[in-house]
Amino acid sequence: MAWAARLLLALLAAAAAAAAVGPRAGAGAGRVDLWPMPASVARGAQTLLVSRDLRLSTAGSNYSDGRGILREAFQRMVAVVELDHVANGSYGGRGSPVLAGVRVVVRSPSDELNFGVDESYKLSVPATGNPLYAQIEAQTVFGALHALETFSQLCNFDFNARLIELHSAPWTIVDMPRFHYRGLLIDTSRHYLPVPVIKSVIDSMTFSKLNVLHWHIVDEQSFPLQIPSYPKLWNGAYSYSERYTFDDAIDIVQYAEKRGVNVLAEIDVPGHALSWGVGYPSLWPSATCKEPLDVSNDFTFQVINGILSDFSKIFKFKFVHLGGDEVNTSCWTTTPRIKSWLIQHGMNESDAYRYLVLRAQKIAISHGYDIINWEETFNNFGDKLDRKTVVHNWLGSGVAEKVVTAGLRCIVSNQDKWYLDNLDATWEGFYMNEPLTNIYNPEQQRLVLGGEVCMWGEHIDASDIQQTIWPRAAAAAERLWTPVEKLAKDAGSVAARLARFRCLLNQRGVAAAPLAGYGRSAPSEPGSCQRQ
């Protein structure tokens, strides 16, 4: 635990240094307390008061906000700034300018959350003016949402004045993401996560500008989602109440979209599918050997087609995840009728594995999707994968460079660094994990879509998911958002800023664990949030 003691000392030193320049985040000549760090930041030294009746203006915007995305985001932003404190102080005699509102100009009239949508923004907070308005300029409403989050982190509640203050004005922040894909996986098969919990995870993602919720819906343990085309599939749920209706899934996707978060749905085929056969036993190779899915039975592909057809009515993201990992094919060779089918078709087990994966890919493409597969498919038959395939790295380092050299796209989630269920994986490791390691060719770099932290559910449920995700996921989020030249060369130099962000999450109701410990460790002793 010597490293934890060193981290605690570093946090204490950083907190003392911050206190020396001012008691408030971002005050005076202190550090810029924003997470993730924007691409470009300039600031002054003026303190503003924030009006208790902060107004949203969209004058000059091309965006009509017909679905209320911007309006609702502004209301959420005001709520997290106030943090349920009663802001009832008096402006009289304070001598500080009052910020009357936020003017948002969105150039694009569209509110479609397509992959690669422009998420850039410019945020300006002047120090003078009458009336005084902060200004947000963004190409799309989703860039404006990120700007509102950044603005919220500039504001603080002054307990003496009982007012919201904004320090270090004027601010000019120009920002955009480094990677288009900045993901978080949740797993609702190993443990069921109620809908409000999933929504709370989506809300927390927006605070660090993550933008893809990878929903690993089903696995061998349970099948909780209603599939109208094959209504007995959710007989594989743990219980009658641990299920998601078709409309639940639509609601989750729409909730996420209004917050700038895409939902990536996954069915893992052909392995990890034991639960499918609870409702449809003919999907099993036999009653005593139940995984992987029966490659010889055309009904297997009918069910996959039915699932993906129903998915296309819910999940509008460009990609669907078809798994393909950890396939033990022994049931195929020990089940006589499947063994005969293999011989009849001139296939061995590896051939059959490739055949099933590639046929599932064709089905997904027929429903308008690009495909994501776990890296085993690339490792075993990468040259046969459809060119629409994105390879999802998880087994270790060095895979991404092989994938992009082969001309395919890649997402990085190497388990030694970005698996949140690995409680020994430190936030420092999350921060320093670089998706473009050993990839120098610009064309190949563009094939790395981004990265994803994975919250596998074997040992988490609604009771502990948030403190297992945060703050380590935030460390990866900065790696995925902030320009590489602005990233810290050593994680220790951002410890105090991340500690402050972790406290901000706590203040917003997110149960983020202390930095000074392993994943979801409890505080070691009494003390300030920022020193844990």
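Basis of the calculations
Residues numbered from 1 in each chain as written. Predicted model: local features only at pLDDT ≥ 70, side-chain atom pairs only at ≥ 80, totals over all residues. Heavy atoms only, no water. Pairing = 2+ DSSP bridges. Helix = DSSP H or I, 4+ residues; strand = E, 2+ residues; numbered from the N terminus. Axes fitted to C-alpha atoms, helices over the stretch in contact; angles between N-to-C directions. Contact = heavy atoms within 4.5 Å. Buried < 20%, exposed > 50% of the residue type's maximum accessible area, 1.4 Å probe, protein only. 1 Å grid on protein atoms, 1.4 Å probe; cavity = no way out; pocket = protein on both sides within 12 Å on 5 of 7 lines; lining within 4 Å. Points joined across faces, edges and corners; volume = space filled by probe spheres on them. Nonpolar A, V, L, I, M, F, W, Y, C, P; charged D, E, K, R; others polar. Expected span 1.5 Å × (residues − 1). Disulfide = S-S within 2.5 Å.

Enquirer: Tell me about the sheet that holds strand 8 (residues 171-175), and name the residues and values.
Expert: Within a sheet, adjacent strands bond to each other through the backbone by hydrogen bonds, running parallel or antiparallel. One open sheet accounts for eight strands, arranged 1-8-4-5-3-2-7-6; its pairing is mixed. In this open sheet, the two strands that pair with only one neighbour each are strand 1 (40-42) and strand 6 (155-158). Strand after strand, the sheet turns through a mean of 30 degrees between neighbouring axes, direction not considered. As judged from the five bridges shared by strand 4 (residues 121-125) and strand 8, these two strands associate in the antiparallel manner. Counted as the bridge partner of Ser124 is Thr172 from strand 8. Here helix 2 (residues 69-82) sits on the sheet and contacts strand 2 (46-57), strand 3 (98-106), strand 6 and strand 7 (163-169); the angle it forms with strand 2, its principal contact strand, is near 140 degrees. Seen against the sheet, helix 3 (residues 141-154) touches strand 2, strand 3, strand 4, strand 5 (132-138), strand 6, strand 7 and strand 8 and runs at an angle of roughly 35 degrees to strand 4.

Enquirer: I'd like a rundown of the environment of Asn156, residues and numbers included.
Expert: Along the polypeptide, Asn156 turns up in strand 6. By relative accessible area, which is 14% here, Asn156 ends up buried. Taking the C-alpha atoms as reference points, Asn156 and His167, separated by eleven residues in sequence, lie 8.3 Å from one another.

Enquirer: Now, about the layout of surface pockets: what can you tell me, with residues and values included?
Expert: Reported here for the second largest pocket is a volume of approximately 510 Å³. If you trace the second largest pocket, you find 23 residues lining it, with Arg76, Val80, Asp203, Thr206 and Phe207 closest to the centre. When grouped by side-chain class, the residues that make up the lining of the second largest pocket number nine nonpolar, eight polar and six charged.

Enquirer: Mind laying out helix 3, listing which residues take part and the relevant values?
Expert: Compared with an ideal rise of 1.5 Å per residue, which puts 14 residues at 20 Å, helix 3 spans 20 Å between its outermost C-alpha atoms and is within 8% of the ideal. With respect to burial, helix 3 is a largely interior element, 14 of its 14 residues being buried.

Enquirer: Residues and numbers for the pairing of strand 4, please.
Expert: Most of strand 4 sits out of view: four of its five residues are buried. Summarising the sheet, strand 4 and strand 5 pair through four bridges and their orientation is antiparallel. Bridged to Ser124 within strand 5 is Gln135. Between the end of strand 4 and the start of strand 5, which pair antiparallel, lie six residues, with Gly129 showing a positive phi angle near 145 degrees.

Enquirer: How would you sum up the state of the cysteines? Please name residues and give values.
Expert: In the structure shown here, the tally under the stated rule is two disulfides. A sulfur-sulfur separation of 1.8 Å characterises the disulfide bridge that pairs Cys289 with Cys331. Taking the torsion about the sulfur-sulfur bond, which here is approximately -90 degrees, the covalent link between Cys289 and Cys331 counts as left-handed. Here Cys289, found in the loop between helix 6 (276-279) and helix 7 (298-314), pairs with Cys331, found in helix 8 (residues 330-334); they are 42 residues apart in sequence, far enough to count as distant. With a relative accessible area of 6%, Cys331 lands in the buried category. Between the sulfur of Cys503 and that of Cys529 lies a disulfide, 2.0 Å long from S to S. One disulfide, between Cys503 and Cys529, carries an S-S torsion of -115 degrees and so falls in the left-handed class. Here Cys503 is found in helix 18 (residues 495-507), whereas its partner Cys529 is found in the segment after helix 18, with 26 residues between them in sequence. Taken N- to C-terminal, the disulfide-bonded cysteines of the protein are connected 1-2, 3-4. Cys155 forms no disulfide, and the closest cysteine sulfur to it belongs to Cys503, at a distance of 18 Å.

Enquirer: Residue-level account of empty space enclosed by the protein, with values.
Expert: Evaluated as defined, the whole model comprises six cavities of 30 Å³ or more. For the largest cavity, the calculated volume is near 100 Å³. Val50, Ser51, Val78, Glu82 and Ile164 are the residues nearest the centre of the largest cavity, which is lined by 14 residues in total. Elements with a minimum of two residues in the lining of the largest cavity: strand 2, helix 2 and strand 7. Residue composition of the lining of the largest cavity, by class: eleven nonpolar, one polar and two charged. A volume near 70 Å³ is recorded for the second largest cavity. Lining the second largest cavity we find 15 residues, and of these Arg472, Pro514, Gly517, Tyr518 and Gly519 sit closest to its centre. In terms of residue class, the lining of the second largest cavity is made up of eight nonpolar, five polar and two charged.

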